[in-house]
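Each chain, written out:
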Amino acid sequence: MLDLKFVRENPDVIRENIRNRHVSGDVDAVISLYDQRSAAIQAVESLRNERNRNAQAMKGSLPQEERTRLIEEGKSLKEQIAAAEATLTSVEQELQRRAEELPNLTHPDTPSGAQESDNRELEQVGSVPVFSFTPRDHVAIAEELDLVDFENAGRVSGTKFYYLRNEAVYLELALIRFAMDILQNHGFTPMITPDIARTEVLQGIGFNPRGPESNIYNIEDEGTSLVGTAEITLGGYYQNQTIPAEELPIRMGGLSHCFRREAGSAGQFSRGLYRVHQFTKVEMFVVCLPEQSEQIHRELLEIEKEIFSSLEIPFRVLDICSGDLGGPAFRKYDLEAWMPGRGTAGEWGEITSTSNCTDFQSRRLNIRYSGTGADGKKERGYAHLLNGTAVAVSRAIIAILENFQQADGSVLIPPALQGYTGFERIPAKRDAGKAKTG
RNA sequence: GGAGAGGUGACCGAGUGGCCGAAGGUGAACGCUUGGAAAGCGUUUGUACCCUAACCGGGUACCGGGGGUUCGAAUCCCCCCCUCUCCGCCA
(Lines give C-alpha, C1' and ligand atoms only; values in the text may rest on other atoms or scores of the structure.)
Protein backbone atom coordinates (compact mmCIF):
# COMPACT_ATOMS: atom_id res chain seq x y z
CA MET A 1 0.00 0.00 0.00
CA LEU A 2 1.14 3.52 -0.75
CA ASP A 3 1.73 6.24 1.82
CA LEU A 4 -1.63 7.99 1.81
CA LYS A 5 -0.15 11.26 2.94
CA PHE A 6 2.04 11.16 -0.13
CA VAL A 7 -0.96 10.38 -2.31
CA ARG A 8 -2.85 13.27 -0.76
CA GLU A 9 -0.03 15.68 -1.51
CA ASN A 10 0.97 14.35 -4.93
CA PRO A 11 -2.19 13.31 -6.74
CA ASP A 12 -0.73 14.08 -10.16
CA VAL A 13 2.25 11.81 -9.61
CA ILE A 14 -0.09 8.97 -8.68
CA ARG A 15 -2.44 9.61 -11.59
CA GLU A 16 0.48 9.59 -14.01
CA ASN A 17 1.80 6.38 -12.45
CA ILE A 18 -1.56 4.65 -12.81
CA ARG A 19 -1.74 5.63 -16.45
CA ASN A 20 1.82 4.51 -17.09
CA ARG A 21 1.14 1.12 -15.52
CA HIS A 22 -2.11 0.60 -17.38
CA VAL A 23 -4.10 -0.26 -14.29
CA SER A 24 -7.27 1.17 -12.87
CA GLY A 25 -7.34 3.09 -9.61
CA ASP A 26 -9.26 6.13 -8.50
CA VAL A 27 -6.95 8.72 -6.95
CA ASP A 28 -9.70 11.25 -6.43
CA ALA A 29 -11.80 8.76 -4.53
CA VAL A 30 -8.84 7.93 -2.31
CA ILE A 31 -8.16 11.60 -1.61
CA SER A 32 -11.78 12.34 -0.90
CA LEU A 33 -12.00 9.36 1.46
CA TYR A 34 -8.74 10.37 3.08
CA ASP A 35 -10.16 13.80 3.88
CA GLN A 36 -13.38 12.26 5.11
CA ARG A 37 -11.35 10.04 7.34
CA SER A 38 -9.45 12.99 8.84
CA ALA A 39 -12.72 14.78 9.53
CA ALA A 40 -14.21 11.65 11.08
CA ILE A 41 -11.20 11.17 13.30
CA GLN A 42 -11.41 14.74 14.50
CA ALA A 43 -15.08 14.33 15.26
CA VAL A 44 -14.52 11.14 17.24
CA GLU A 45 -11.56 12.53 19.12
CA SER A 46 -13.19 15.75 20.16
CA LEU A 47 -16.21 13.80 21.44
CA ARG A 48 -13.94 11.49 23.36
CA ASN A 49 -12.17 14.50 24.78
CA GLU A 50 -15.51 15.75 26.08
CA ARG A 51 -16.30 12.36 27.51
CA ASN A 52 -12.99 12.31 29.37
CA ARG A 53 -13.60 15.77 30.78
CA ASN A 54 -17.05 14.70 31.84
CA ALA A 55 -15.69 11.65 33.61
CA GLN A 56 -12.99 13.71 35.30
CA ALA A 57 -15.58 16.16 36.58
CA MET A 58 -17.33 13.33 38.38
CA LYS A 59 -14.40 12.09 40.42
CA GLY A 60 -15.07 13.83 43.71
CA SER A 61 -18.24 13.98 45.69
CA LEU A 62 -20.84 16.21 44.10
CA PRO A 63 -24.28 17.47 44.86
CA GLN A 64 -26.77 14.89 43.69
CA GLU A 65 -28.28 17.29 41.20
CA GLU A 66 -24.95 18.04 39.60
CA ARG A 67 -24.07 14.37 39.43
CA THR A 68 -27.30 13.50 37.73
CA ARG A 69 -26.77 16.22 35.18
CA LEU A 70 -23.27 14.99 34.37
CA ILE A 71 -24.45 11.41 34.02
CA GLU A 72 -27.11 12.51 31.56
CA GLU A 73 -24.51 14.44 29.61
CA GLY A 74 -22.23 11.40 29.62
CA LYS A 75 -24.97 9.17 28.31
CA SER A 76 -25.59 11.55 25.48
CA LEU A 77 -21.88 11.68 24.67
CA LYS A 78 -21.73 7.92 24.65
CA GLU A 79 -24.34 7.74 21.94
CA GLN A 80 -22.71 10.46 19.88
CA ILE A 81 -19.36 8.71 20.11
CA ALA A 82 -20.83 5.42 18.96
CA ALA A 83 -22.35 7.09 15.92
CA ALA A 84 -19.16 8.97 15.06
CA GLU A 85 -17.14 5.79 15.41
CA ALA A 86 -19.44 3.92 13.07
CA THR A 87 -18.93 6.62 10.45
CA LEU A 88 -15.19 6.50 10.90
CA THR A 89 -15.10 2.72 10.56
CA SER A 90 -17.02 2.66 7.33
CA VAL A 91 -14.96 5.49 5.82
CA GLU A 92 -11.78 3.72 6.84
CA GLN A 93 -12.83 0.43 5.29
CA GLU A 94 -13.70 2.07 2.01
CA LEU A 95 -10.47 4.06 2.05
CA GLN A 96 -8.46 0.91 2.67
CA ARG A 97 -10.22 -0.87 -0.17
CA ARG A 98 -9.64 1.91 -2.66
CA ALA A 99 -6.09 2.62 -1.51
CA GLU A 100 -5.10 -0.99 -2.04
CA GLU A 101 -6.02 -0.69 -5.70
CA LEU A 102 -3.22 1.82 -6.21
CA PRO A 103 0.01 0.20 -7.41
CA ASN A 104 3.44 1.05 -6.12
CA LEU A 105 5.40 3.92 -7.64
CA THR A 106 7.60 3.03 -10.58
CA HIS A 107 11.37 3.29 -10.98
CA PRO A 108 12.23 6.10 -13.40
CA ASP A 109 14.35 3.77 -15.56
CA THR A 110 11.62 1.16 -15.91
CA PRO A 111 10.66 0.86 -19.57
CA SER A 112 7.22 2.21 -20.23
CA GLY A 113 4.73 -0.09 -21.86
CA ALA A 114 1.79 -2.39 -21.52
CA GLN A 115 2.91 -5.68 -23.04
CA GLU A 116 5.63 -8.23 -22.73
CA SER A 117 7.19 -6.91 -25.90
CA ASP A 118 7.84 -3.64 -24.07
CA ASN A 119 10.18 -5.35 -21.63
CA ARG A 120 13.74 -4.20 -22.18
CA GLU A 121 16.34 -6.88 -22.83
CA LEU A 122 19.45 -5.91 -20.90
CA GLU A 123 21.77 -8.72 -21.90
CA GLN A 124 22.13 -12.33 -22.98
CA VAL A 125 24.45 -14.68 -21.17
CA GLY A 126 25.69 -17.96 -22.64
CA SER A 127 24.97 -19.15 -26.12
CA VAL A 128 21.93 -20.96 -27.41
CA PRO A 129 22.90 -24.59 -28.00
CA VAL A 130 23.07 -25.97 -31.53
CA PHE A 131 21.93 -29.56 -31.89
CA SER A 132 22.91 -32.10 -34.53
CA PHE A 133 19.44 -33.55 -34.14
CA THR A 134 15.96 -32.22 -33.59
CA PRO A 135 15.76 -31.35 -29.90
CA ARG A 136 12.79 -32.63 -27.99
CA ASP A 137 10.84 -30.87 -25.31
CA HIS A 138 11.20 -31.79 -21.65
CA VAL A 139 7.94 -33.72 -21.60
CA ALA A 140 9.16 -36.13 -24.26
CA ILE A 141 12.57 -36.42 -22.64
CA ALA A 142 11.17 -36.92 -19.17
CA GLU A 143 8.71 -39.55 -20.28
CA GLU A 144 11.26 -41.52 -22.20
CA LEU A 145 13.71 -41.46 -19.30
CA ASP A 146 11.03 -42.13 -16.71
CA LEU A 147 11.71 -38.91 -14.84
CA VAL A 148 8.26 -37.35 -14.53
CA ASP A 149 4.84 -38.96 -14.31
CA PHE A 150 1.92 -36.67 -15.05
CA GLU A 151 -0.51 -39.42 -15.77
CA ASN A 152 -0.65 -41.05 -12.37
CA ALA A 153 -0.45 -37.65 -10.67
CA GLY A 154 -3.50 -36.67 -12.66
CA ARG A 155 -5.42 -39.59 -11.24
CA VAL A 156 -4.17 -39.11 -7.71
CA SER A 157 -4.07 -35.34 -7.35
CA GLY A 158 -5.40 -33.75 -10.52
CA THR A 159 -4.14 -32.25 -13.70
CA LYS A 160 -0.95 -30.19 -13.52
CA PHE A 161 0.44 -32.25 -10.69
CA TYR A 162 3.34 -34.60 -11.20
CA TYR A 163 5.51 -37.22 -9.63
CA LEU A 164 9.25 -36.89 -10.02
CA ARG A 165 10.98 -40.24 -10.42
CA ASN A 166 14.50 -41.60 -10.49
CA GLU A 167 17.22 -39.05 -11.40
CA ALA A 168 14.72 -36.21 -11.45
CA VAL A 169 14.34 -36.63 -7.70
CA TYR A 170 18.05 -36.17 -7.16
CA LEU A 171 18.06 -33.36 -9.67
CA GLU A 172 15.51 -31.47 -7.56
CA LEU A 173 17.40 -32.14 -4.36
CA ALA A 174 20.66 -31.13 -6.02
CA LEU A 175 19.26 -27.86 -7.33
CA ILE A 176 17.94 -26.99 -3.89
CA ARG A 177 21.24 -27.67 -2.19
CA PHE A 178 23.21 -25.96 -4.95
CA ALA A 179 21.10 -22.80 -4.69
CA MET A 180 21.10 -22.81 -0.91
CA ASP A 181 24.89 -23.07 -0.80
CA ILE A 182 25.28 -20.10 -3.13
CA LEU A 183 22.88 -18.04 -1.04
CA GLN A 184 24.71 -18.91 2.13
CA ASN A 185 27.94 -17.73 0.51
CA HIS A 186 26.25 -14.42 -0.11
CA GLY A 187 25.27 -14.01 3.52
CA PHE A 188 21.72 -15.31 3.36
CA THR A 189 20.31 -17.20 6.31
CA PRO A 190 19.05 -20.58 5.06
CA MET A 191 15.45 -21.21 6.01
CA ILE A 192 12.78 -23.79 5.36
CA THR A 193 9.44 -22.06 5.64
CA PRO A 194 5.83 -23.02 6.32
CA ASP A 195 3.78 -23.82 3.23
CA ILE A 196 0.70 -22.20 4.76
CA ALA A 197 0.18 -18.58 5.75
CA ARG A 198 -2.56 -16.43 7.23
CA THR A 199 -4.72 -14.29 4.98
CA GLU A 200 -3.41 -11.04 6.46
CA VAL A 201 0.14 -11.99 5.52
CA LEU A 202 -0.91 -12.89 1.98
CA GLN A 203 -2.60 -9.52 1.68
CA GLY A 204 0.34 -7.68 3.15
CA ILE A 205 2.60 -9.13 0.48
CA GLY A 206 0.04 -8.14 -2.11
CA PHE A 207 -1.84 -11.34 -2.84
CA ASN A 208 -5.58 -11.29 -2.83
CA PRO A 209 -6.54 -14.80 -1.67
CA ARG A 210 -10.30 -14.46 -2.00
CA GLY A 211 -10.72 -12.59 -5.25
CA PRO A 212 -12.34 -14.24 -8.26
CA GLU A 213 -9.04 -14.25 -10.16
CA SER A 214 -7.12 -15.58 -7.21
CA ASN A 215 -4.22 -17.89 -7.88
CA ILE A 216 -4.25 -19.03 -4.26
CA TYR A 217 -5.54 -22.23 -2.66
CA ASN A 218 -7.46 -21.45 0.48
CA ILE A 219 -7.80 -23.78 3.45
CA GLU A 220 -11.42 -24.26 4.32
CA ASP A 221 -12.61 -22.60 7.53
CA GLU A 222 -9.12 -21.60 8.59
CA GLY A 223 -8.37 -18.10 7.32
CA THR A 224 -5.18 -19.50 5.88
CA SER A 225 -3.92 -20.41 2.44
CA LEU A 226 -1.28 -22.54 0.77
CA VAL A 227 1.54 -20.22 -0.17
CA GLY A 228 2.27 -19.43 -3.79
CA THR A 229 5.83 -18.54 -2.90
CA ALA A 230 8.06 -18.32 0.18
CA GLU A 231 8.05 -14.57 -0.41
CA ILE A 232 4.84 -14.64 1.61
CA THR A 233 6.18 -16.41 4.66
CA LEU A 234 9.58 -14.70 4.53
CA GLY A 235 7.89 -11.30 4.33
CA GLY A 236 5.60 -12.27 7.17
CA TYR A 237 8.57 -13.29 9.29
CA TYR A 238 9.19 -9.72 10.44
CA GLN A 239 5.56 -8.62 10.44
CA ASN A 240 4.77 -6.03 13.14
CA GLN A 241 8.40 -5.65 14.11
CA THR A 242 10.69 -2.67 14.35
CA ILE A 243 14.22 -3.69 13.46
CA PRO A 244 17.28 -1.71 14.61
CA ALA A 245 18.85 -0.09 11.54
CA GLU A 246 22.25 -1.61 12.25
CA GLU A 247 20.81 -5.12 11.80
CA LEU A 248 19.81 -4.33 8.23
CA PRO A 249 20.01 -5.60 5.60
CA ILE A 250 18.64 -9.00 6.58
CA ARG A 251 19.02 -11.63 3.87
CA MET A 252 16.97 -14.81 3.97
CA GLY A 253 17.05 -17.80 1.65
CA GLY A 254 13.84 -19.77 2.00
CA LEU A 255 12.91 -23.18 0.68
CA SER A 256 9.24 -23.93 0.24
CA HIS A 257 6.67 -25.58 -1.90
CA CYS A 258 4.64 -23.21 -4.04
CA PHE A 259 0.98 -23.83 -4.79
CA ARG A 260 -0.86 -22.06 -7.58
CA ARG A 261 -4.31 -22.62 -8.94
CA GLU A 262 -3.46 -21.38 -12.43
CA ALA A 263 -7.11 -21.48 -13.37
CA GLY A 264 -7.69 -21.21 -17.09
CA SER A 265 -4.09 -21.33 -18.17
CA ALA A 266 -3.54 -23.99 -20.78
CA GLY A 267 -1.91 -24.37 -24.13
CA GLN A 268 1.46 -25.41 -25.39
CA PHE A 269 3.36 -22.78 -23.38
CA SER A 270 1.92 -24.27 -20.22
CA ARG A 271 2.90 -27.77 -21.17
CA GLY A 272 4.54 -30.22 -18.84
CA LEU A 273 6.39 -28.78 -15.87
CA TYR A 274 6.19 -25.19 -17.06
CA ARG A 275 3.01 -24.22 -15.29
CA VAL A 276 2.05 -26.58 -12.50
CA HIS A 277 -0.02 -26.46 -9.34
CA GLN A 278 2.86 -27.37 -7.05
CA PHE A 279 6.58 -26.86 -7.32
CA THR A 280 9.59 -26.32 -5.13
CA LYS A 281 11.43 -23.04 -4.97
CA VAL A 282 14.37 -21.47 -3.21
CA GLU A 283 13.57 -17.82 -2.72
CA MET A 284 15.69 -14.85 -1.72
CA PHE A 285 14.17 -12.22 0.50
CA VAL A 286 15.75 -9.07 1.88
CA VAL A 287 14.67 -6.53 4.46
CA CYS A 288 16.73 -3.36 4.25
CA LEU A 289 16.89 0.40 4.70
CA PRO A 290 15.37 2.56 1.96
CA GLU A 291 18.76 3.80 0.78
CA GLN A 292 20.01 0.20 0.41
CA SER A 293 17.28 -1.28 -1.72
CA GLU A 294 18.43 -0.25 -5.17
CA GLN A 295 21.90 -1.66 -4.63
CA ILE A 296 20.50 -4.86 -3.15
CA HIS A 297 18.13 -5.30 -6.06
CA ARG A 298 21.16 -5.36 -8.37
CA GLU A 299 22.79 -7.79 -5.98
CA LEU A 300 19.83 -10.17 -6.19
CA LEU A 301 19.95 -10.00 -9.96
CA GLU A 302 23.67 -10.79 -9.91
CA ILE A 303 23.04 -13.84 -7.73
CA GLU A 304 20.39 -15.10 -10.12
CA LYS A 305 22.82 -14.64 -12.99
CA GLU A 306 25.53 -16.42 -11.02
CA ILE A 307 23.27 -19.39 -10.43
CA PHE A 308 22.26 -19.87 -14.04
CA SER A 309 25.69 -19.03 -15.43
CA SER A 310 27.13 -21.70 -13.18
CA LEU A 311 24.56 -24.15 -14.47
CA GLU A 312 25.58 -23.18 -18.01
CA ILE A 313 22.02 -22.48 -19.00
CA PRO A 314 21.75 -19.70 -21.59
CA PHE A 315 19.52 -16.87 -20.46
CA ARG A 316 18.61 -13.28 -21.07
CA VAL A 317 17.86 -10.51 -18.58
CA LEU A 318 14.76 -8.36 -18.91
CA ASP A 319 13.93 -5.06 -17.29
CA ILE A 320 10.18 -5.50 -16.90
CA CYS A 321 8.00 -2.75 -18.30
CA SER A 322 5.63 -0.63 -16.26
CA GLY A 323 2.49 -2.45 -17.36
CA ASP A 324 3.86 -5.85 -16.41
CA LEU A 325 5.22 -5.10 -12.95
CA GLY A 326 2.30 -6.14 -10.79
CA GLY A 327 1.08 -4.03 -7.89
CA PRO A 328 3.87 -4.23 -5.31
CA ALA A 329 6.99 -3.99 -7.50
CA PHE A 330 8.81 -0.69 -7.97
CA ARG A 331 11.16 -2.38 -10.41
CA LYS A 332 11.49 -5.95 -11.60
CA TYR A 333 14.03 -8.00 -13.53
CA ASP A 334 13.28 -11.40 -15.02
CA LEU A 335 15.69 -14.05 -16.18
CA GLU A 336 14.44 -16.05 -19.11
CA ALA A 337 16.23 -19.28 -19.93
CA TRP A 338 16.52 -20.67 -23.39
CA MET A 339 14.23 -23.66 -23.69
CA PRO A 340 15.00 -25.54 -26.91
CA GLY A 341 11.84 -27.61 -26.74
CA ARG A 342 9.52 -24.67 -26.32
CA GLY A 343 7.55 -23.42 -29.31
CA THR A 344 8.56 -24.53 -32.78
CA ALA A 345 12.29 -23.90 -32.58
CA GLY A 346 12.90 -23.00 -28.97
CA GLU A 347 11.77 -20.01 -26.93
CA TRP A 348 12.83 -18.01 -23.93
CA GLY A 349 10.91 -18.97 -20.81
CA GLU A 350 10.85 -17.20 -17.46
CA ILE A 351 12.92 -18.90 -14.79
CA THR A 352 13.48 -16.23 -12.17
CA SER A 353 12.20 -12.84 -11.19
CA THR A 354 13.44 -10.29 -8.73
CA SER A 355 11.49 -7.30 -7.47
CA ASN A 356 12.25 -4.26 -5.40
CA CYS A 357 8.97 -3.62 -3.61
CA THR A 358 10.31 -0.65 -1.63
CA ASP A 359 7.99 0.10 1.32
CA PHE A 360 4.81 -1.02 -0.45
CA GLN A 361 4.58 -4.35 1.38
CA SER A 362 6.18 -3.28 4.64
CA ARG A 363 3.59 -0.56 5.21
CA ARG A 364 0.82 -3.15 5.26
CA LEU A 365 2.89 -5.74 7.09
CA ASN A 366 4.10 -3.07 9.51
CA ILE A 367 7.80 -3.86 9.21
CA ARG A 368 9.83 -0.88 10.35
CA TYR A 369 13.36 0.11 11.17
CA SER A 370 14.65 2.48 13.79
CA GLY A 371 18.02 4.10 14.00
CA THR A 372 19.86 7.29 14.71
CA GLY A 373 20.18 9.79 11.91
CA ALA A 374 23.21 11.93 11.04
CA ASP A 375 21.78 14.72 13.17
CA GLY A 376 21.63 12.41 16.17
CA LYS A 377 17.85 12.28 16.13
CA LYS A 378 15.86 9.13 16.12
CA GLU A 379 14.85 7.93 12.70
CA ARG A 380 12.21 5.40 11.92
CA GLY A 381 10.37 4.35 8.85
CA TYR A 382 9.13 1.44 6.85
CA ALA A 383 11.79 -1.00 5.71
CA HIS A 384 12.22 -1.83 2.06
CA LEU A 385 11.49 -5.41 1.01
CA LEU A 386 12.94 -7.24 -1.96
CA ASN A 387 12.49 -10.72 -3.30
CA GLY A 388 14.04 -12.83 -5.98
CA THR A 389 13.97 -16.39 -7.22
CA ALA A 390 17.14 -18.35 -6.61
CA VAL A 391 15.81 -21.53 -8.22
CA ALA A 392 12.29 -22.43 -9.24
CA VAL A 393 13.04 -26.12 -9.43
CA SER A 394 10.48 -27.29 -11.98
CA ARG A 395 11.52 -24.68 -14.50
CA ALA A 396 15.20 -25.26 -13.86
CA ILE A 397 14.60 -28.92 -14.60
CA ILE A 398 12.99 -27.99 -17.92
CA ALA A 399 16.00 -25.86 -18.84
CA ILE A 400 18.45 -28.59 -17.92
CA LEU A 401 16.64 -31.42 -19.69
CA GLU A 402 16.18 -29.42 -22.85
CA ASN A 403 19.58 -27.73 -23.06
CA PHE A 404 21.63 -30.71 -21.98
CA GLN A 405 19.90 -33.42 -24.01
CA GLN A 406 22.21 -35.56 -26.11
CA ALA A 407 21.89 -37.27 -29.47
CA ASP A 408 21.77 -40.69 -27.84
CA GLY A 409 18.79 -39.69 -25.70
CA SER A 410 20.73 -39.20 -22.49
CA VAL A 411 20.91 -35.94 -20.58
CA LEU A 412 24.13 -34.51 -19.18
CA ILE A 413 24.12 -32.91 -15.76
CA PRO A 414 25.65 -29.43 -15.69
CA PRO A 415 29.17 -29.84 -14.25
CA ALA A 416 28.50 -27.44 -11.39
CA LEU A 417 25.66 -29.67 -10.29
CA GLN A 418 27.35 -33.06 -10.61
CA GLY A 419 28.78 -32.90 -7.12
CA TYR A 420 25.27 -32.49 -5.84
CA THR A 421 23.51 -35.11 -7.94
CA GLY A 422 26.24 -37.68 -7.55
CA PHE A 423 25.96 -38.62 -11.23
CA GLU A 424 27.14 -36.93 -14.42
CA ARG A 425 24.45 -38.06 -16.78
CA ILE A 426 20.94 -39.39 -16.91
CA PRO A 427 21.45 -42.41 -19.10
CA ALA A 428 19.42 -43.07 -22.22
CA LYS A 429 16.35 -45.24 -22.03
CA ARG A 430 16.70 -48.22 -19.81
CA ASP A 431 14.34 -51.10 -19.36
CA ALA A 432 13.62 -50.05 -15.81
CA GLY A 433 10.05 -51.11 -15.15
CA LYS A 434 7.78 -48.13 -15.35
CA ALA A 435 4.28 -48.54 -13.99
CA LYS A 436 2.25 -47.87 -17.06
CA THR A 437 -1.35 -47.00 -16.66
CA GLY A 438 -4.24 -46.64 -18.98
C1' G B 1 -7.55 -32.55 22.44
C1' G B 2 -8.55 -32.32 28.28
C1' A B 3 -7.35 -29.88 33.25
C1' G B 4 -4.94 -25.91 35.84
C1' A B 5 -1.91 -21.19 35.99
C1' G B 6 -0.70 -16.85 33.59
C1' G B 7 -0.24 -12.70 29.59
C1' U B 8 1.04 -4.89 32.20
C1' G B 9 6.19 -0.27 29.17
C1' A B 10 13.31 -2.34 26.59
C1' C B 11 13.17 -5.90 30.97
C1' C B 12 11.42 -7.28 36.07
C1' G B 13 7.18 -6.13 38.68
C1' A B 14 2.83 -3.33 41.44
C1' G B 15 -1.92 -2.21 40.45
C1' U B 16 -9.54 -5.34 41.41
C1' G B 17 -13.97 0.85 38.71
C1' G B 18 -12.49 7.51 38.62
C1' C B 19 -6.38 10.19 42.26
C1' C B 20 -3.28 5.05 36.22
C1' G B 21 0.10 6.38 30.44
C1' A B 22 0.25 3.41 34.48
C1' A B 23 4.00 2.86 41.46
C1' G B 24 8.75 0.68 42.40
C1' G B 25 13.06 -1.52 40.45
C1' U B 26 16.56 -2.79 36.45
C1' G B 27 18.73 -1.21 32.08
C1' A B 28 19.86 3.18 28.94
C1' A B 29 21.00 8.65 28.06
C1' C B 30 22.63 13.34 29.91
C1' G B 31 24.52 16.35 33.96
C1' C B 32 26.99 16.80 38.84
C1' U B 33 30.82 14.42 41.60
C1' U B 34 36.21 12.09 40.50
C1' G B 35 43.09 12.26 38.71
C1' G B 36 40.10 8.33 36.20
C1' A B 37 36.37 4.78 37.25
C1' A B 38 32.79 2.63 40.51
C1' A B 39 29.40 4.15 43.99
C1' G B 40 26.30 8.33 44.99
C1' C B 41 23.04 12.52 43.61
C1' G B 42 19.80 14.95 39.90
C1' U B 43 17.17 14.96 35.29
C1' U B 44 15.43 12.22 31.27
C1' U B 45 13.85 7.64 29.12
C1' G B 46 7.18 4.26 24.59
C1' U B 47 4.45 3.98 20.04
C1' A B 48 0.70 5.27 16.48
C1' C B 49 -2.70 8.67 14.71
C1' C B 50 -5.26 13.73 14.41
C1' C B 51 -4.69 19.29 14.62
C1' U B 52 -0.12 22.35 13.52
C1' A B 53 4.96 25.34 9.45
C1' A B 54 7.10 22.15 13.26
C1' C B 55 10.23 15.07 15.77
C1' C B 56 7.41 23.18 19.91
C1' G B 57 2.55 22.59 21.65
C1' G B 58 -2.48 20.48 22.06
C1' G B 59 -5.65 16.12 21.52
C1' U B 60 -6.97 10.75 20.93
C1' A B 61 -5.72 5.72 21.40
C1' C B 62 -2.77 1.70 23.22
C1' C B 63 -1.85 -2.71 30.01
C1' G B 64 -2.30 -10.29 24.56
C1' G B 65 -6.65 -9.53 20.51
C1' G B 66 -11.93 -8.53 19.77
C1' G B 67 -16.73 -7.45 21.75
C1' G B 68 -19.83 -5.93 26.08
C1' U B 69 -21.37 -3.52 30.93
C1' U B 70 -20.71 1.71 32.88
C1' C B 71 -21.36 8.72 33.04
C1' G B 72 -16.20 6.54 33.48
C1' A B 73 -12.51 0.04 32.45
C1' A B 74 -5.51 -2.18 32.91
C1' U B 75 -9.29 -3.18 36.69
C1' C B 76 -16.10 -6.22 35.92
C1' C B 77 -18.48 -9.78 31.96
C1' C B 78 -18.16 -12.77 27.19
C1' C B 79 -15.37 -14.85 23.00
C1' C B 80 -10.65 -15.77 20.84
C1' C B 81 -5.21 -16.12 20.73
C1' C B 82 -0.62 -17.15 23.03
C1' U B 83 2.79 -18.98 27.00
C1' C B 84 3.79 -22.38 31.12
C1' U B 85 2.63 -27.09 34.02
C1' C B 86 0.21 -31.90 34.03
C1' C B 87 -2.45 -35.68 31.08
C1' G B 88 -3.65 -37.73 26.25
C1' C B 89 -2.07 -38.34 21.10
C1' C B 90 1.71 -38.33 17.49
C1' A B 91 6.52 -38.11 13.27
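Treat the numbers as computed from the prediction; the structure is a model and nothing was measured.

Draft legend 1. Looking closely at the sheet that holds strand E6 (residues 218-219). Across the sheet, 3 strands lie side by side as E5-E7-E6; this open sheet has antiparallel pairing. Either end of the sheet is taken by a strand with one partner, and the two such strands are strand E5 (196-198) and E6. Bridging between E6 and strand E7 (residues 224-226) involves 2 bridges; their strand directions are antiparallel. Each bridged residue has a counterpart across the sheet, and for isoleucine 219 the counterpart in E7 is threonine 224.

Draft legend 2. Representation of the domain arrangement of chain A in the model. Considered domain by domain, chain A is made up of domain 1 (4-99) and domain 2 (116-426). Relative to domain 2, the C-alpha centre of domain 1 lies at a distance of 43 Å. If you look at the interface, domain 1 gives 4 residues, while domain 2 gives 7 residues. Interface area, domain 1 with domain 2, both sides summed: about 380 Å², of which 30% is carbon and sulfur. Taken as a group, Asn20, Arg21 and Gln96 account for 90% of the area that domain 1 buries against domain 2, more than any other trio of residues on that side. At the boundary of domain 1 with domain 2, the tally comes to 0 salt bridges. Our enumeration of links across domain 1 and domain 2 arrives at 3 residue pairs in polar contact (both at pLDDT 80 or more). Among the residues making up the side of domain 1 that touches domain 2, the classes are represented as no nonpolar, 3 polar and 1 charged.

Draft legend 3. Geometry of the protein's contact with RNA strand B. The environment of RNA strand B is formed by 23 residues, the closest being Arg51, Met58, Lys59, Lys75 and Lys78. A distance of 3.0 Å separates a base nitrogen of RNA strand B from a polar side-chain atom of glutamate 45. One nitrogen or oxygen atom from the side chain of asparagine 49 is found 3.0 Å from a phosphate oxygen belonging to RNA strand B. When residues of the surface near RNA strand B are traced back to their parent elements, those giving at least two are helix H3 (27-57), helix H4 (64-99) and strand E15 (378-382).

Draft legend 4. Layout of the nonpolar core. Core analysis: the biggest nonpolar cluster contains 59 residues, and Leu175, Ile307, Phe308 and Leu417 have the highest contact counts within it. With 10 residues, the single largest contributor to this core is helix H7 (residues 167-185).

Draft legend 5. Inspection of H3 at higher detail. With 31 residues, H3 should reach 45 Å at 1.5 Å per residue; the first-to-last C-alpha distance of 45 Å fits that figure. The inward-facing, buried residues of H3 contact helix H1 (4-9), helix H2 (11-21) and H4. At the N-terminal end of H3, a side-chain oxygen is found 3.2 Å from the backbone nitrogen of aspartate 28, two or three residues along, and the residue is aspartate 26.

What counts, and at which threshold
- Residues numbered from 1 in each chain as written.
- Chains lettered and ligands numbered in written order.
- Predicted model: local features only at pLDDT ≥ 70, side-chain atom pairs only at ≥ 80, totals over all residues.
- Heavy atoms only, no water.
- Pairing = 2+ DSSP bridges.
- Helix = DSSP H or I, 4+ residues; strand = E, 2+ residues; numbered from the N terminus.
- Domains from an automatic or database assignment.
- Contact = heavy atoms within 4.5 Å.
- Buried area = accessible area lost by both parts, 1.4 Å probe.
- Salt bridge = Lys/Arg side-chain N within 4 Å of Asp/Glu carboxyl O.
- Polar contact = N/O pair within 3.5 Å; in protein donor to acceptor, adjacent residues only side chain to side chain.
- Nonpolar A, V, L, I, M, F, W, Y, C, P; charged D, E, K, R; others polar.
- Near = heavy atom within 4 Å.
- Core = buried A, V, L, I, M, F, W, Y, C linked by side-chain atoms within 4.5 Å.
- Buried < 20%, exposed > 50% of the residue type's maximum accessible area, 1.4 Å probe, protein only.
- Expected span 1.5 Å × (residues − 1).

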